[in-house]
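Geometric and topological summary
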Amino acid sequence: MFRVLVSALFLSMAPVVSAFAQDVSGFTMSQGVWSVETRFTDENGEWGEPAASHASGQTTLGEAFHELDVAVPFPGTVFQMRMSLGYDRFNQRYRVVVLDDLNGYTDLYDGEGEAGAPIQVTNLNSGTGFPTLEGGYVFGRLTFEDTETGFAILAESAVDGGESWAPFMRMVFEPRN
């Protein structure tokens, strides 16, 4: 019986697959190879010197998700980060899963946004805040926005449950020639 119900659910969803692809159209980071300029803030909150790296992106699962692989030049090392981005049309929420090889960490973000406008997601509701030595958590907020020729991701952190956010990383992506 369960199999019949699940099959009926998936068959009833078939007509909305094309509409789903439009929901993730707000993410421009799909196909291609990108040059990336990354900046971190220093202890005074000022932006440090830019570091160059690269990224590649693609759509997956019938264009339902966007994946982005980025080499992130972190002070003292370079780590690999993979982002999977999608839209939960049932709950009208963007979802972002971030994986990295620096910490072996899986971070889950969600938020709202409209196609063509900046999309902002946080990990406040997912339970994936990064633990601190003091027993608290550092939460993250990511803002995705289009630039004139590419896109940018601003990463912010909060140690007060999201009451105040401070920028810590900005990545600007330009098409690679």
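Scroll up to find the structure.
Being a predicted model, the structure only gives us computed values, none of them experimental. (Residues numbered from 1 in each chain as written. Predicted model: local features only at pLDDT ≥ 70, side-chain atom pairs only at ≥ 80, totals over all residues. Heavy atoms only, no water.)

**A word on a nonpolar patch on the surface**
- A contiguous nonpolar surface patch, about 190 Å² in accessible area, is contributed by Val 97, Leu 99 and Leu 108.
- By relative accessible area, Leu 99 is classed as partly exposed at 35%. (Patch = residues over 30% accessible without salt bridge, like charges linked within 9 Å, V, L, I, M, F, W, Y side chains within 5 Å. Areas by Shrake-Rupley, 256 points an atom, 1.4 Å probe, with all protein chains shown as cover. Salt bridge = Lys/Arg side-chain N within 4 Å of Asp/Glu carboxyl O. Buried < 20%, exposed > 50% of the residue type's maximum accessible area, 1.4 Å probe, protein only.)

**A short note on the environment of Pro 50**
- Tracing the chain through its elements places Pro 50 in the loop between strand 1 (32-40) and strand 2 (51-60).
- Residue classification places Pro 50 among the partly exposed positions, given a relative accessible area of 35%.
- Sequence separation of Pro 50 and Glu 37 is 13 residues, and the distance between their C-alpha atoms is 5.9 Å.
- Not counting residues within four places of it along the chain, the set of residues in contact with Pro 50 comprises Glu 37, Thr 38 and Arg 39. (Helix = DSSP H or I, 4+ residues; strand = E, 2+ residues; numbered from the N terminus. Contact = heavy atoms within 4.5 Å.)

**What about the pairing of strand 2?**
- Sheet topology places strand 1 next to strand 2; 7 bridges connect them, and they run antiparallel. When the sheet's bridge partners are listed, Trp 34 is paired in strand 2 with Ala 55.
- Here strand 2 runs beside strand 3 (residues 65-74); their pairing, made up of 6 bridges, is antiparallel. Bridge assignment links Thr 60 to a residue of strand 3, and that residue is Phe 65.
- Counting the residues between successive antiparallel strands, the hairpin from strand 2 to strand 3 contains 4 residues, one of them, Leu 61, with a positive phi of roughly 50 degrees. (Pairing = 2+ DSSP bridges.)

These results come straight from atomic positions and should not be treated as a statement about function.
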